[in-house]
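Read off the chains here:
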Amino acid sequence: MTDTPNKGIVVVSGGSAANNLVDVFHSIRESKNCPLSYIIPISDNGGSSSELIRIFGGPGIGDVRSRLVRLIPDLPVNPERMAIKALFNHRLAAEGPAASLEWLSIVDGTSTLWRSITPAKKELIRSFFNSLNLEILKRARPPSSTYDFTSASVGNLFLTGARLFSGSFESAIYLLGSICGVQSDIIRVIPAINSNFSHHISATLADGTVIVGQNSISHPSEVSGGLLHDHRPDCASLPLADGDDFEDTDSSVSDTVSYEEDHLPGSLATLRNKNILFNKAKNEDLPCRISRIWYINPYGEEIRPSANPRVLEALDDAQAIIYSIGSLYTSIIPAIILRGVGKSIVKSPARYKILILNGSLDRETGPPTAPFSASDFVEAIANAGEESRGRRPKFSPQHPTELPSSPETIRPFDPIPYTSYVTHILHLDGPGTPYVDRDRLAEMGIGTLRLYGRKITVIDDDKEIVVGMQYDPKALVQALEVVLGKKGDAIVRDVGSGLGRRNTLEPTKREKKP
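Residues numbered from 1 in each chain as written. Predicted model: local features only at pLDDT ≥ 70, side-chain atom pairs only at ≥ 80, totals over all residues. Heavy atoms only, no water.

Caption draft 1: Structural detail: the packing of helix 2 (residues 22-32) against helix 17 (residues 473-484). It is at 9 Å that the axes of helix 2 and helix 17 come closest, and there the two elements cross at 35°. Relative to helix 17, helix 2 is oriented so that their crossing is right-handed. Residues Val24, Ser27, Ile28, Ser31 and Lys32 of helix 2 touch helix 17, and the partners they reach there are Pro473, Leu476, Val477, Leu480, Glu481 and Leu484. In terms of residue class, the contact of helix 2 with helix 17 is made up of 7 nonpolar, 2 polar and 2 charged. (Axes fitted to C-alpha atoms, helices over the stretch in contact; angles between N-to-C directions. Helix = DSSP H or I, 4+ residues; strand = E, 2+ residues; numbered from the N terminus. Left-handed = near helix turned anticlockwise from the far one by under 90°. Contact = heavy atoms within 4.5 Å. Nonpolar A, V, L, I, M, F, W, Y, C, P; charged D, E, K, R; others polar.)

If you want it as structure tokens, here you go:
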């Protein structure tokens, strides 16, 4: 009789930020001898994903691709494995003509990127590039509509080609994972929604303003400019785009975006831009807090999509749920608000639901008028989970807001213990980090564990400025093992749970108020 396998660990995350912690989660998975599942949203509409969505529709695949490629093991050193990693991480040239030529060299097999990749694997990968290239040629309508290869991600192009060929997003993920050597039986990369269609999000701010599209919420580009629209409760949430936008649509966008014949009726002009470029380092502050994230259909109306069944299966069989570092409202919450997720988190057998707090505040959580504290992160997650369950979110009394008109299925909010969603917070303490309001967290019943970290600095006018903190991987592994119970003799400072107050991971520096 075989032993029952250990319950898994579920990590809810976005792409680039959480990629830095992949080795940490791998170490925890090995120590617990259990499966590891990454739940990743598919609402990204920036960068080269915007061009794929413009031409082919489909989900935002960039974060899924980056996680699969990041999971390629670096050791032991394997030339072919490193070549595959370089190929799928490669971005084409930043100039259109050069990018097109570079793409053709990949398709015809003459690119130097193919070096060290065995012929059998090369021809398998190249077949999907050729299939995608044929689709690009079939859909081209020059000069008005052609594919823009500028800065395109080669991995995103492959994943799209595999999805179009197989007709299945998850089949494409399986194929890319297999080529990358990801052990799918123990490490699973699961899209939050299993769909061949695009799913976009909008944000409502505390003043009623609506921002359309993930890129405009998190990293507004020069084209989108973080387009803001006044919310009108008596009409559709956003301007329509059946060739004619609502009268208050930004005219500059309507003039610069041509309506493509292969778009669904109602596809919003703000979501049809070519190659939305953005700068993560420099973003204009939001005027006030985000109060709510919600999914929209092509007409800009609110929808409530269901989660990928594999997401619910992973949550229903988890020993721990970890909310990773990353953008709170565009990396974490889009996965939590999906129908079924809130219920699965609350009912999950997971004893530990751990929030790894960001080492700095970003555009989404750091408006100058009301920067987020640790308890605000918890409230945002709990509110999203409750909305997933069909309950009206309970917003913080310090920051009241009015909900836009909601479906009739939304029921009044019944208080739920915050520990149903978060039981522990791991955090850093230093310049730029979110304030950890321990007293409030203690009232919520949430334990905190402070870790050592490294300063993140930038050079501005020849001066080194500290903008945040970065987790030390070894310290983070140790902290997670403490919380998950591997080190049974460790005493964790856990304000609010009545545990011991000595913690060797935590410096003795007195807590500072903001």
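Caption draft 2: Structural context of the sheet that holds strand 12 (residues 447-451). Taken in spatial order, the 7 strands of this open sheet run 3-2-1-9-10-11-12, and their pairing is parallel. With one partner strand each, in any of the chains shown, strand 3 (187-191) and strand 12 form the two edges of the open sheet. If you compare each strand with its neighbour and ignore which way they point, the axes differ by 20° on average. Relative to strand 10 (residues 352-356), strand 9 (residues 318-323) runs parallel, the two being bridged by 4 bridges. Note on strand 10: the bridge partner recorded for Ala320 is Tyr352. Strand contacts of helix 17: strand 1 (8-12), strand 9, strand 10, strand 11 (424-428) and strand 12, with the helix running at about 155° to strand 10, the strand carrying the most contacts. (Pairing = 2+ DSSP bridges.)

Caption draft 3: Spotlight on helix 6 (residues 96-107). In a regular helix each residue adds 1.5 Å, so 12 residues correspond to 16 Å; helix 6 covers 17 Å between its end C-alpha atoms and thus fits that length. Those residues of helix 6 that fall on the buried side of the exposure criterion are Ala99, Glu102, Trp103, Ser105, Ile106 and Val107. Buried residues along helix 6 sit against helix 7 (119-139) and helix 8 (154-166). Backbone geometry just after helix 6 places Gly109 at a positive phi near 85°. (Expected span 1.5 Å × (residues − 1). Buried < 20%, exposed > 50% of the residue type's maximum accessible area, 1.4 Å probe, protein only.)

Caption draft 4: Broad picture of the packing of helix 13 (residues 328-336) against helix 15 (residues 374-388). Where helix 13 contacts helix 15, the axes come no closer than 9 Å and their chain directions differ by 30°. As for the relative orientation of helix 13 and helix 15, their crossing is right-handed in sense. Along the contact surface, helix 13 presents Leu328, Tyr329, Ile333 and Ile336, while helix 15 presents Phe377, Ala380, Ile381, Ala384, Gly385 and Ser388. Each residue belonging to the contact of helix 13 with helix 15 can be placed in one class, and the counts come to 8 nonpolar, 2 polar and no charged.

Caption draft 5: Looking closely at the packing of aromatic side chains. All chains considered together, the criterion is met by 12 aromatic pairs. Arranged with centres 5.5 Å apart and planes meeting at 25°, the rings of Trp103 and Phe149 form a pair that is stacked. Of this pair, Trp103 sits in helix 6 while Phe149 sits in the loop between helix 7 and helix 8, and the two are 46 residues apart along the sequence. For the pair Trp103 and Phe149, one class covers both residues: buried. In this arrangement the basic side chain of Arg67 is found over the ring face of Tyr38, its NZ or CZ atom lying 4.8 Å from the centre. Over the aromatic face of Phe372 sits the side chain of Arg289, whose NZ or CZ is 4.3 Å from the ring centroid. (Phe/Tyr/Trp six-rings, centres within 6.5 Å; stacked < 30°, edge-to-face > 60°. Lys NZ or Arg CZ within 6 Å of the ring centre and 35° of its normal.)

Caption draft 6: Structural context of the pattern of salt bridges. For the coordinates displayed, the defined rule picks out 18 salt bridges. Among the salt bridges present, the one from Lys7 reaches Asp317, with a minimum N-O distance of 2.9 Å. Placement of Lys7 in the segment before strand 1 and of Asp317 in the loop between helix 12 (309-316) and strand 9 is noted, with a sequence separation of 310 residues between them. On the basis of relative accessibility, which here comes to 37%, the residue Lys7 falls in the partly exposed class. Looking at Asp317, the relative accessible area reads 40%, which means it is partly exposed. Its salt-bridge partner being Arg139, residue Glu135 comes within 3.3 Å of it at the nearest N-O pair. Of this pair, Glu135 and Arg139 both sit in helix 7, separated by 4 residues, roughly a single helical turn. The exposure class of Glu135 is buried, given its relative accessible area of 19%. Classification of Arg139 by relative accessible area gives partly exposed; the value is 29%. (Salt bridge = Lys/Arg side-chain N within 4 Å of Asp/Glu carboxyl O.)

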